[in-house]
Number of protein chains: 2
Amino acid sequence: MSSESPVSGPAPAVILVNPQLGENIGTAARAMANFGLSEMHIVDPRDGWPSERAIKAASGADRVIENANVTATCEEAIAPFNRVYATTARPRGMTKQVMTPEQAAADMHTRIANGERVAVMFGRERWGLNNDEVALADVIVTAPVDPKFASINIAQAVLLVGYEWYKPVAKSLGMGTEQLPAMDGPGLKVRGGEGLATKQDLQGLFDHLEGELEAAGFFKSPNMRPVMVRNMRNMFQRIELSLQEVRAVRGIIASLTRTHLRKRQRGGEEGSGD
Amino acid sequence: MSSESPVSGPAPAVILVNPQLGENIGTAARAMANFGLSEMHIVDPRDGWPSERAIKAASGADRVIENANVTATCEEAIAPFNRVYATTARPRGMTKQVMTPEQAAADMHTRIANGERVAVMFGRERWGLNNDEVALADVIVTAPVDPKFASINIAQAVLLVGYEWYKPVAKSLGMGTEQLPAMDGPGLKVRGGEGLATKQDLQGLFDHLEGELEAAGFFKSPNMRPVMVRNMRNMFQRIELSLQEVRAVRGIIASLTRTHLRKRQRGGEEGSGD
């Protein structure tokens, strides 16, 4: 799916995770159109798809709705992207970079200029993204809000991210008289040259590693498994692996799982072959 | 006056002019509460007042709704204020100062610190403020939006102004990650509480991993070994592991090296995991 923005070339995609109300999908589409965003992915919309209510609430941003890509899982939705941002009402105590919408927008501009594809996840109305969904992301985006009233409507969250994304675009178009704050990036690191792995590459690595650990009896108690998996995934997200590095890590895993086998083979026993 | 803390001190009032739908009044109230605004004035609400729909849509921002001041005319609503801003989709060709929400917020902070009372007017859903209403204001506020889709929902407009108003407030409260330059790491941020591993911990991990890979025949050629080791070490440096994570990774390595051994112990019925 193309992420061409009508205004300025590639732009971030918006991923709505398990949205409950068609109205909110529509309002989010409208907010996207206000700021030159056009690529929407919807994960498991509660009330089905297509949605008349979504189209009605989009107030003319029909194109965004019509072109929306619907998937069953978050993993499918994020697969094509190099970098994923998760919006949350507050930081979750995960060891992940936390950015304001403004900082995230600066980061997105840098990444996209570098040829990466980026997407922002927004959670369901009632309780946002769950921890497993947040764990899929590279960066947490949290707007500074009054802590006494921190719950932001899903379309409002899309609006803030879109607004910050569009500010420098508008400036480059000579619109407004914006005095832009440090838009050339707060010292964020960019992996030169090397291509960042896509989420699909990373998911392949997770499946591989978790499968081997399962087989090895690493997850001693089923209760602990989700937390252990989440921590591992967060750790690997943080490292921002290139595709080459994903392959290297998988080579390491494959090699390690053969260690003792080889030892035994050298001791004269027959291996089971892999 | 100006010595009051920004959060409990005076803040801009919001004036909704002739709003059509209770839902939008409620969503606007919620957006206000998100950003520490509490003073709402409503001029001639089309569907009367009080509004059950407004309260429902406020999602808990009831206090804003309950305390709203309803007037028949714009003139009455703006009477107590020293400075009034009018939000419009685009500048109206009036000889009036035009500001972005960001600039307007900076201006409001200056004015309020000076003891002035300020208010922002938002127009009805269909066509915004009319020219006579805009003429009542000192400043026009226009957000940079895609000119091809410039119509912003009333609550969204309130949100953008509130968001820009609250940014410096949050900053003064030390909240948020506003300043958050990635100075303490290559794009990595906020390791809550956890201690970073020492280089000794890390060296222990390297010795463990490289020893196992050596045993597994991972380093096919002795010439390549130094480069491969360096790449792996760089990768693990980049991740900035805590001591706890170093232990977890070593647990993973130990577990993986036992994989095939365990399979064989169980009778060799299972296939290989890679």
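Residues numbered from 1 in each chain as written. Chains lettered and ligands numbered in written order. Predicted model: local features only at pLDDT ≥ 70, side-chain atom pairs only at ≥ 80, totals over all residues. Heavy atoms only, no water.

Draft legend 1. Local environment of the overall build of chain A. On a plain count of helices and strands, chain A comes out with ten helices and nine strands. Here chain A holds 274 residues, and 61% of them are scored as buried. In chain A, 81% of the contacts between residues at least 6 apart in sequence involve partners at least 24 apart. With an accessible surface of roughly 10,700 Å², chain A has 50% of that area assigned to carbon and sulfur atoms. (Helix = DSSP H or I, 4+ residues; strand = E, 2+ residues; numbered from the N terminus. Buried < 20%, exposed > 50% of the residue type's maximum accessible area, 1.4 Å probe, protein only. Contact = heavy atoms within 4.5 Å. Areas by Shrake-Rupley, 256 points an atom, 1.4 Å probe, with all protein chains shown as cover.)

Draft legend 2. Just the packing of aromatic side chains, in detail. All chains considered together, the criterion is met by eight aromatic pairs over all chains. Centre to centre, the rings of Y163 of chain A and Y163 of chain B are 6.2 Å apart; their planes meet at 80°, and the pair counts as edge-to-face. Of the two residues, Y163 of chain A is situated in helix α7 (residues 154–172) and Y163 of chain B in helix α7 (residues 154–172); the pairing between them involves two chains. Look at Y163 of chain A and you get buried, because its relative accessible area is 0%. Three or more aromatic residues joined by ring pairs make a cluster, and in this case those are F35, Y163 and Y166 of chain A together with F35, Y163 and Y166 of chain B. The aromatic ring of F219 of chain A is capped on one face by R225 of chain A, whose charged end is 4.6 Å from the ring centroid. (Phe/Tyr/Trp six-rings, centres within 6.5 Å; stacked < 30°, edge-to-face > 60°. Lys NZ or Arg CZ within 6 Å of the ring centre and 35° of its normal.)

Draft legend 3. Representation of the nonpolar core. Membership of the largest hydrophobic core comes to 89 residues, with the highest contact counts inside it found for L16, M40 and F122 of chain A together with L16, M40 and F122 of chain B. Residue contacts for F122 of chain A: discarding those within four places in its chain leaves V14, I15, L16, V17, T87, L129, I154, A157, V158 and V161 of chain A. Ranked by size, the runner-up nonpolar core spans 38 residues in total, among them F218 and L256 of chain A together with A197 and V246 of chain B. (Core = buried A, V, L, I, M, F, W, Y, C linked by side-chain atoms within 4.5 Å.)

Draft legend 4. Here's a closer look at the pairing of strand β2 (residues 40–43) of chain B. Residue and element names in this part refer to chain B. Of the two faces of β2, the one holding M40 and I42 and the one holding H41 and V43 are both buried throughout. Sheet topology places strand β1 (residues 13–17) next to β2; four bridges connect them, and they run parallel. The residue of β2 that forms the bridge with I15 is H41. Crossover β1 to β2 through helix α1 (residues 22–34) is right-handed. With three bridges joining them, β2 and strand β3 (residues 69–71) adopt parallel strand pairing. Bridging from a neighbouring strand, H41 pairs with N69 of β3. (Pairing = 2+ DSSP bridges. Right-handed = clockwise from strand over helix to strand, strands pointing away.)

Draft legend 5. Spotlight on the confidence of the model for chain A. All names here are of chain A. Residues at a pLDDT of 70 or more form 84% of chain A, whose mean pLDDT is 83. Contacts for the low-pLDDT stretch residues 1–7, under 50 throughout, to residues beyond four places or in other chains number 25 contacts. In the model, residues 177–193 has pLDDT below 50 throughout and makes 46 contacts with residues more than four positions away in sequence or in other chains. Overall fold confidence (pTM) sits at 0.75, and the ipTM for the predicted complex is 0.73. (pLDDT = per-residue confidence, 0-100.)

Draft legend 6. Representation of the sheet that holds strand β4 (residues 40–43) of chain A in the model. Residues and elements named next belong to chain A. Taken in spatial order, the seven strands line up as β5-β4-β3-β8-β6-β9-β7 in an open sheet, and their pairing is parallel. Either end of the sheet is taken by a strand with one partner, and the two such strands are β5 (69–71) and β7 (97–99). On average, adjacent strands in this sheet sit at an angle of 25° to one another, irrespective of strand direction. For β7 and strand β9 (residues 139–141), the ladder comprises three bridges, and the chain directions are parallel. Bridging across to β9, Q97 finds its partner in V139. (Axes fitted to C-alpha atoms, helices over the stretch in contact; angles between N-to-C directions.)

Draft legend 7. Expanded view of the sheet that holds strand β5 (residues 97–99) of chain B. Residue and element names in this part refer to chain B. Read from one edge to the other, the open sheet built from seven strands follows the order β3-β2-β1-β6-β4-β7-β5, with strand pairing classed as parallel. On the outer flanks of this sheet lie β3 and β5, each paired with one strand and no other. Within this sheet the neighbouring strands show an average axis-to-axis angle of 25°, counted without direction. Here three bridges tie strand β4 (residues 83–87) to strand β7 (residues 139–141), and the two strands are oriented parallel to one another. Directly across from A86, in β7, lies its bridge partner I140. Relative to the sheet, helix α5 (residues 101–113) contacts β4, β5, β6 (118–122) and β7, its axis offset from that of β4 by approximately 165°. The sheet contacts of α7 involve β1, β4 and β6, and relative to β6 the element is tilted by about 150°.

Draft legend 8. Quick look at unusual backbone geometry. Residue and element names in this part refer to chain A. Following W49, the chain continues to P50 via a peptide bond in cis, the omega torsion being 0°. Note that P50 resides in the loop between β4 and α2 (52–57). One non-glycine residue, S59, lies in the positive phi region at around 45°. If you trace the backbone, S59 turns up in the loop between α2 and α3 (62–66).

Draft legend 9. Up close: helix α9 (residues 225–238) of chain A. Helix length check: α9 of chain A (14 residues) gives 20 Å between terminal C-alpha atoms against 20 Å at 1.5 Å per residue, within 8%. Directly beyond the C-terminal end of α9 of chain A, a positive phi value near 50° is found at E240 of chain A. (Expected span 1.5 Å × (residues − 1).)

Draft legend 10. Expanded view of the packing of helix α1 (residues 22–34) of chain A against α7 of chain A. Residues and elements named next belong to chain A. Here α1 crosses α7 at 10°, and the two axes come no closer than 8 Å. The pairing of α1 with α7 is recorded here as roughly parallel in orientation. Residues N24, T27, A28, A31, M32 and N34 of α1 lie in contact with α7, whose contacting residues are I154, A155, V158 and L159. Of the residues in the contact of α1 with α7, the class split is seven nonpolar, three polar and no charged. (Parallel < 35°, antiparallel > 145°, perpendicular 65-115°, else oblique. Nonpolar A, V, L, I, M, F, W, Y, C, P; charged D, E, K, R; others polar.)

Draft legend 11. Seen up close, the pairing of strand β3 (residues 13–17) of chain A. Residue and element names in this part refer to chain A. The element β3 is extensively covered by neighbouring structure, given that five of its five residues are classed as buried. Residues A13, I15 and V17 line one face of β3 and the alternating positions V14 and L16 line the opposite face, and both faces are buried. In this sheet, strand β8 (residues 118–122) lies alongside β3 in parallel orientation, the contact comprising four bridges. Note that in β8 the partner of V14 across the bridge is V120.

Draft legend 12. Examining the environment of I25 of chain B more closely. Residues and elements named next belong to chain B. Mapping I25 onto the fold places it in helix α1. The exposure class assigned to I25 is buried, which follows from its relative accessible area of 3%. When near neighbours in sequence (up to four residues on either side) are disregarded, I25 contacts L16, P19, M40, I42, P45, W49, A54 and I65.

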